[in-house]
Amino acid sequence: MESPRAAQLAEFLPYRVYDPVRELFINDDSYGFSLEVMPMSGISTQRADVLRSALSRNVPDDVSVQLMLYQSPKIGTVLKLWGQARAGASAAHELMTKNRIKFLSDGVFNSLSKTSSFMPRYHRVIVSVSAKIPKGTKEQNELETELQEYKASLTSAMQQCAGYVREMDEGDLIRLCSDILNPTTSVRPSAKQYDPSTEINRQIIETDTTYLVNRDGVETIAIREACLTSAPMRQI
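Residues numbered from 1 in each chain as written. Predicted model: local features only at pLDDT ≥ 70, side-chain atom pairs only at ≥ 80, totals over all residues. Heavy atoms only, no water.

Another aspect to go through is the overall build of the protein. Scanning the protein from terminus to terminus reveals 5 helices and 9 strands. In the protein, the succession of helices and strands from N to C terminus is β-β-β-α-β-α-α-β-α-β-α-β-β-β. Along the longest, intermediate and shortest principal axes, the C-alpha atoms of the protein span 65 × 65 × 35 Å. Of all 236 residues assigned to the protein, the portion counted as buried reaches 36%. Residue pairs in contact within the protein that sit at least 24 positions apart in sequence constitute 65% of those at least 6 positions apart. Of the side-chain charges in the protein, 27 are positive and 29 negative, and the distance between the mean point of each set is 9 Å. (Helix = DSSP H or I, 4+ residues; strand = E, 2+ residues; numbered from the N terminus. Buried < 20%, exposed > 50% of the residue type's maximum accessible area, 1.4 Å probe, protein only. Contact = heavy atoms within 4.5 Å. Lys, Arg positive; Asp, Glu negative; His and termini not counted. Charge placed at Lys NZ, Arg CZ, Asp CG, Glu CD.)

What follows is about the nonpolar core. Counting 21 residues, the largest nonpolar core has Phe33, Val129, Leu147, Leu154 and Met158 as the members making the most contacts within it. Broken down by secondary-structure element, the contributors of at least two residues to this core are strand S3 (30–37), helix H1 (45–57), strand S5 (122–132) and helix H4 (137–162). Looking at which element gives the most residues to this core, the answer is H4, with 7 residues. Setting aside anything within four residues of it in sequence, one finds Met158 in contact with Val37, Leu51, Leu55, Val127, Gly163 and Val165. (Core = buried A, V, L, I, M, F, W, Y, C linked by side-chain atoms within 4.5 Å.)

So, on to unusual backbone geometry. Of note in the backbone geometry, Glu23 takes a positive phi value of approximately 55° without being a glycine. By the element assignment, Glu23 lies in the loop between strand S1 (17–19) and strand S2 (24–26). Of note in the backbone geometry, Asp62 takes a positive phi value of approximately 65° without being a glycine. Counting through the fold element by element, Asp62 comes out in the loop between H1 and strand S4 (64–72).

Before going further, it helps to spend a moment on helix H5 (residues 170–181). With 12 residues, H5 should reach 16 Å at 1.5 Å per residue; the first-to-last C-alpha distance of 16 Å fits that figure. Counting buried residues in H5 gives 10 out of 12 residues, a clear majority hidden from the surface. Residues of H5 that are buried include every one of Glu170, Gly171, Asp172, Leu173, Ile174, Leu176, Cys177, Ser178, Asp179 and Leu181, and no others. For H5, the capping residue at the N-terminal end is Asp169, with a side-chain oxygen 3.1 Å from the backbone nitrogen of Gly171. (Expected span 1.5 Å × (residues − 1). Polar contact = N/O pair within 3.5 Å; in protein donor to acceptor, adjacent residues only side chain to side chain.)

Moving on, we come to the packing of aromatic side chains. All chains considered together, the criterion is met by 1 aromatic pair. Summarising the aromatic geometry, the rings of Tyr18 and Phe25 are spaced 4.7 Å apart at their centres and angled 55° between planes, so their arrangement reads as tilted. The exposure class of Tyr18 is buried, given its relative accessible area of 12%. Directly above the aromatic system of Phe109 lies the positively charged group of Arg121, at a separation of 5.8 Å from the ring centroid. Here the basic side chain of Lys151 rests over the ring of Phe33, its NZ or CZ set 5.5 Å away from the ring centre. (Phe/Tyr/Trp six-rings, centres within 6.5 Å; stacked < 30°, edge-to-face > 60°. Lys NZ or Arg CZ within 6 Å of the ring centre and 35° of its normal.)

Structure (structure tokens):
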């Protein structure tokens, strides 16, 4: 008797291809786009009104907007840029920079404080917009136009409020999802590049990442040579 095949997480991810001309993701049953914006710790009442309009009143019918604040442990790129800005200094300063980078890297999964949880994170805000693909060609074209117009409006609003916004492409999405769904103890972010011959969802999950579904949640195991150590099992 043939044993049942274990389901792969990639089969449950909706991402399929990215259309660089229309600048839209074409998923299994929806169109969409994603923007990354700078986190905002405080804004004026005027800017809050702009955000409120962009994320509620100005949203087209049947369009879904999702916001994600990701406290990423992948701080390696930020530390690298910080270190490069201090390159060329005295030997003493270079040693201090090297030790500071190691100190912060070690604190990503082990609190820097002995009395509380204090772990460095790279804070990222992702705004994702999607809508179900209608059946008719005319309706599909209208939806594409509607999404592109809303993207322009949302981008403008985010630029006014956050000052920084960029549209995510297929490579950005693959690397973001890969970091989240393939947990490791490395502080370096994913360096995956998009392969146009393979659907996006198939490029996200690593072959050595295993998910164990139990009554209390989902545990993940990932063992990778690129890790500082083997990633521990952790609850989602």
